[in-house]
Amino acid sequence: MSPIVKKKGEKFTLPSKYLLFILALICAALMVVSFSTDALDKPVNTFAGFIVVPFQSGISSVGSYLHDRSEELAKIKELIEENAELKQQVDKLTEENTKLQEDKYELNNLRNLFKIDKMYDEYDKVGARIIARDSGNFYHTFIVDKGSADGIEVDMNVLADGGLVGRVSEVGRNWSRVVSVVADNSNISGKIISTGDTLIVSGNLKTYETDGCVDFSQLIDADGVVNKGDKVTTGDISDKFLPDILIGYVNDVKMDSNNLTKSGTITPAVDFAHLSEVLIILENKQTIDED
Amino acid sequence: MKKALLGAAFLLLFFLLQSTVFKYFAISNIGPNLLIIITCAFGFMYSDREGLFMGFFAGLLCDIFFGPILGINALIYMFIGFVNGKFNRLFYSEDFILPGSLFLSSNICYGLVYYILIFLLRGRFQFTYYLMNIILPESIYTLVCAIAFYPLLLICVNALKKSEQRRP
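The sections below set out a description of the structure shown in this document.

Turning our eyes to something else, we now look at the pairing of strand β11 (residues 262-268) of chain A. Consecutive side chains along a regular strand alternate between the two faces of the sheet. Residue and element names in this part refer to chain A. Within β11, 6 of the 7 residues are buried, which leaves it mostly tucked inside the rest of the structure. As judged from the 4 bridges shared by strand β8 (residues 214-219) and β11, these two strands associate in the antiparallel manner. Bridging across to β11, Asp 215 finds its partner in Thr 265. Two strands pair when backbone bridges link them, and strand β10 (residues 246-255) and β11 are joined in this way by 7 bridges, in the antiparallel orientation. Paired with Gly 248 across the strands is Pro 268, a residue of β11. Where β10 folds back onto β11 in an antiparallel hairpin, the turn is made up of 6 residues, including Asn 259, whose phi is positive at roughly 60 degrees.

Okay, structure coming up:
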C-alpha cells in the first residue's frame, strides 16, 4: 500500500523520508547555484542583515565589555607591581631616547634611499569592528559591522595594525564577511620586499594553530638571498589585493624537490587571536587599474 | 504553530550565542557548537520531521554567514536532525544518558563529515591533527554546554507539550 495515496477523509501528510529526500535535493541545488553563480547572494544577505546582524552587534558589544572588565579585575595586582618597576625604567629610558633621536634621522635618510613603499597610507580607509566569528571551528572568517551602506564592496582588502588581515568576500547592507589570510582556502600572490621575487601565500588551519605560521610556495630565488625574517608583502600581480601590504615575515625556507622553486612558512604580522577592530581599504584593485 | 515559534526563537538565540559570546569564552580557539544541541534536541524530543526542519534551518543560517558554499551545513545538520529523530522512541524526559551520548556522537559525526567534504578533498590529509585538536575538543565543549542548555530546552518543550495536550 503506497504511503502517499490519500484515503477518503484522511489528512495528507508527507512521510518524513520523502521530505528528507526533497530537502536534500534542494540543498544540493543551492550548493551548485551558489558555487557557480552569485545569484543567491543578494536576497540571502538582505535577510541576514535585517534579522541577525543587529543582535550580533549588540551582543558583541556587551560581551566585549564584560570580557574587558573581567580581565581588568584579574590584572590589578600584577599592575601595581609592574607600576613600581616601570617608574625606575622610565628614568633610564629617557637617557637612551635622546641618543636614539640622532639615529632616527640617519635611518630616515637610508629608507628614502632604499625606497620602501608606503603606498597604502594614501588609500581611504574605514574602521570596522568584528561582531561575530565563524560559528564552526574549521575556518578563520568573521563578520564586521560595516557593509554596502558604508561603501564596502566585495574583494576590498582588510588591514589591522599595518598588516594584511584578509579580504571582504560577501557584503550585506550593514555587515560584511571577511576571509582571513590564514583561512584554509585562502591563497594570496605575495612578494619578498627586498628582492621583489613573487610567491604564493596559502592559509593552513593546522600549521597556524600549532606553529603560528602559514605556508608559502612557488618562490623562485635564484641567488639564495631569502632567509628567515624577510618581509613578505602582497604582490603586484594579484588581482584582488592592493600591492605592498605587509603579510608577514619569513619563518623558514627550503628548496622543493624540483630544485627550481622554494617553499616554506610565514609568520603573519597580525595576531588573529586578539583582533577586535580592523581597517577596510575603500578602493578595489580593479577600479584603480581603470583610471 | 507555537512549536515553530519556539524553535525559531531558540535557533536565533543559540546561533547568536555561538557566534558571539561563546567565541569570547573559546578554549584554545575552539568554541562549542550550540546548533548541534538544538538540532539533536528537537530531533529526539519530537520526531524525525521536526529534527529535519530544525537541522535544515540551523544549517542554512550557518551557511548564510559563514559557510564556504551555501547549502553544505544545511545538508549535514538536516541529516543529523533526521537521524536523531529516529531515537525519539527511546527517549523519556528524565533520561540524560541518551541525550548526552547523542550530542557527543552527533557533533563528532558533523566534524568528520565536514572534514571529509571540505578538507580531505582538498588534500589536507593530517586527519589525526584535525581529530585531536578540533573535532574532539569541540564535541566535549559542546557536551559541557549542553549540561547548561539542555534542561532549559527540556522545560520549555515539556511545557509546550503539556499545554497542547490540555486542548482537546
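The next point concerns the interface of chain A and chain B. Tallying the contact residues gives 48 residues for chain A and 47 residues for chain B. For the pair chain A and chain B, the interface holds 1 salt bridge. Of the charged contacts, one joins Asp 184 of chain A and Arg 122 of chain B as a salt bridge, the two residues approaching to 2.7 Å between their closest N and O atoms. Our enumeration of links across chain A and chain B arrives at 8 residue pairs in polar contact (both at pLDDT 80 or more). Breaking the side of chain A that touches chain B down by element, the ones donating at least two residues are α1 (16-36), α2 (41-51), α3 (53-114), β1 (125-133), β2 (141-144) and α4 (205-211) of chain A. In terms of residue count, α1 of chain A provides more of the side of chain A that touches chain B than any other element does, 11 residues in total. Residue classes in the side of chain A that touches chain B are distributed as 25 nonpolar, 15 polar and 8 charged.

When the terminal C-alpha atoms of helix α5 (residues 72-85) of chain B are compared, their 20 Å separation across 14 residues agrees well with the 20 Å that a helix rising 1.5 Å per residue should span. Counting buried positions along α5 of chain B yields 12 of 14 residues, so the element is predominantly enclosed. Buried within α5 of chain B are the following residues: Ile 72, Asn 73, Ala 74, Leu 75, Ile 76, Tyr 77, Met 78, Ile 80, Gly 81, Phe 82, Asn 84 and Gly 85 of chain B. Those residues of α5 of chain B hidden inside the fold are in contact with α1 of chain A together with α3 (34-45), α4 (48-66) and α6 (97-119) of chain B.

Orientation of α2 of chain A relative to α4 of chain B, taken along the N-to-C sense of each, is 100 degrees, at an axis distance of 10 Å. Between α2 of chain A and α4 of chain B, the angle is such that the two are roughly perpendicular. Note on element contacts: α4 of chain B touches α2 of chain A through Leu 61, Ile 64 and Phe 65 of chain B, opposite Val 44, Phe 47 and Ala 48 of chain A. For the contact of α2 of chain A with α4 of chain B, the per-class residue count stands at 6 nonpolar, no polar and no charged.

Cut-offs and rules
- Residues numbered from 1 in each chain as written.
- Chains lettered and ligands numbered in written order.
- Predicted model: local features only at pLDDT ≥ 70, side-chain atom pairs only at ≥ 80, totals over all residues.
- Heavy atoms only, no water.
- Buried < 20%, exposed > 50% of the residue type's maximum accessible area, 1.4 Å probe, protein only.
- Helix = DSSP H or I, 4+ residues; strand = E, 2+ residues; numbered from the N terminus.
- Pairing = 2+ DSSP bridges.
- Contact = heavy atoms within 4.5 Å.
- Salt bridge = Lys/Arg side-chain N within 4 Å of Asp/Glu carboxyl O.
- Polar contact = N/O pair within 3.5 Å; in protein donor to acceptor, adjacent residues only side chain to side chain.
- Nonpolar A, V, L, I, M, F, W, Y, C, P; charged D, E, K, R; others polar.
- Expected span 1.5 Å × (residues − 1).
- Axes fitted to C-alpha atoms, helices over the stretch in contact; angles between N-to-C directions.
- Parallel < 35°, antiparallel > 145°, perpendicular 65-115°, else oblique.

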